[in-house]
Amino acid sequence: MKILITGKNGQLAQELHKRKPANIELVALDRNDLDITNATQVTQAIAEHKPEVVINAAAYTAVDKAESEKEQAYAVNATGPENLAAACKEFGIRLIHVSTDFVFDGQSSTPYQPQQPVRPLGVYGESKAAGEAAVQSLLPEAVILRTAWVYSAHGANFTNTMLRLMNERDQLGVVADQIGTPTSTHTLAEAIYTLIEKPQAKGTYHCTDAGAASWYDFAVAIYEEGKEAGLLPAEKQVQIKPIATADYPTPAARPAYSVLDKTSLVAEVGIELKHWRQALRQVLKEKAAP
Ligand SMILES: NC(=O)c1ccc[n+]([C@@H]2O[C@H](COP(=O)([O-])OP(=O)(O)OC[C@H]3O[C@@H](n4cnc5c(N)ncnc54)[C@H](OP(=O)(O)O)[C@@H]3O)[C@@H](O)[C@H]2O)c1
């Protein structure tokens, strides 16, 4: 089976490349080969490579910067998926589009269901919600896979930022009143390859690791598991303090609670999800001894 992946250099695309099953031929294109904001380029790339499935792993993911770069965020996160859905529709190709927990407002106190109404708080979430809506209306048989708090061994993410800061500092304040679920790109990539084998799966699914945490909980776990993996010196002591969102103002508002309900993914697609801390341990071990 031939699969085309957009956003080749991103965290998820790199993991999809690393975990490619033997029966799959991957064509991964970066922004220079395929700029998803350009409808002509999208149609040409799909006509040239003739994949059976397109995975959209490209996105504008700079949540705070999006507040001042609205046009760019919408071009990549809304027009991009719209272009891909239109081309997939024209050529009869399956589309798996990746989206975010930031489409929700965070007012819930129980996990968000895939069909719950979206109400994003910032430009990034709004632009991703617009991308979802475009895909849904052009290609209802597409899969929209929402995920959250994504990290991998390499790349710009919370885990790697924390490890760097913990090596540099003796004290850190981390937000303790935003709750979500850290998600390893391992989990996401495996879910996507399982979805590919289930052609009947369509519509919106949620995919994160299991459990819930605050950014503070996540940071403490990175500290403990980072030491265990040898990514932080054994003698290094870092005091991690829980702080409030109000004490760490950012340009974009973030949902206070964005745990996603994965029941349909587990039941319909047959995916097993491990606890986020177990996934973190695995990723940090891999980072320490690649
Ligand atoms: N990261 C998270 O915490 C998180 C949370 C929830 C959902 N998600 C979703 O998960 C998916 C994957 O995220 P990720 O963390 O792997 O993102 P990432 O590491 O930021 O990668 C995104 C990739 O998209 C590329 N890109 C940007 N504009 C493009 C364009 N016009 N055409 C083609 N490629 C373009 C970027 O290229 P450049 O490097 O050249 O900019 C980058 O390589 C995204 O849909 C994201 O919204 C992520």
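- As annotated in an unreviewed UniProt entry, the chain carries the name dTDP-4-dehydrorhamnose reductase and comes from Microbulbifer taiwanensis.
- Regarding the chain, the UniProt comment filed under Sequence similarities (unreviewed entry) reads as follows: "Belongs to the dTDP-4-dehydrorhamnose reductase family."
- Per its UniProt entry, the chain bears the Catalytic activity (unreviewed entry) comment "dTDP-beta-L-rhamnose + NADP(+) = dTDP-4-dehydro-beta-L-rhamnose + NADPH + H(+)".

### Considerations on the pattern of salt bridges
Here is step 1 of the chain: Throughout the structure, instances matching the rule amount to eleven salt bridges.
Here is step 2 of the chain: For R146, the salt bridge goes to E132, with nearest N and O atoms at 2.7 Å. Within this pair, whereas R146 is found in strand 5 (residues 143–147), its partner E132 is found in helix 4 (residues 123–138), the two being separated by 14 residues in sequence. Each member of the pair, R146 as well as E132, carries the same accessibility label: buried.
Here is step 3 of the chain: With its nearest N and O atoms 3.1 Å apart, the salt bridge here joins R281 to E225. Linking R281 in helix 9 (residues 276–288) with E225 in helix 7 (residues 215–228), this pair joins segments that are 56 residues apart in sequence.
Here is step 4 of the chain: Here R281 falls in the partly exposed class, since its relative accessible area comes to 34%.

### Looking at the UniProt feature "domain: RmlD-like substrate binding" (unreviewed entry) in the chain
Here is step 1 of the chain: Within this structure's numbering, the places UniProt gives as "domain: RmlD-like substrate binding" (unreviewed entry) are residues 1–286.
Here is step 2 of the chain: Spanning residues 1–286, this segment combines 39% helix with 17% strand, and its end C-alpha atoms are found 28 Å apart.

Procedures and definitions
Residues numbered from 1 in each chain as written. Predicted model: local features only at pLDDT ≥ 70, side-chain atom pairs only at ≥ 80, totals over all residues. Heavy atoms only, no water. UniProt positions renumbered as here; feature names shortened; annotations may be inferred. Salt bridge = Lys/Arg side-chain N within 4 Å of Asp/Glu carboxyl O. Helix = DSSP H or I, 4+ residues; strand = E, 2+ residues; numbered from the N terminus. Buried < 20%, exposed > 50% of the residue type's maximum accessible area, 1.4 Å probe, protein only.

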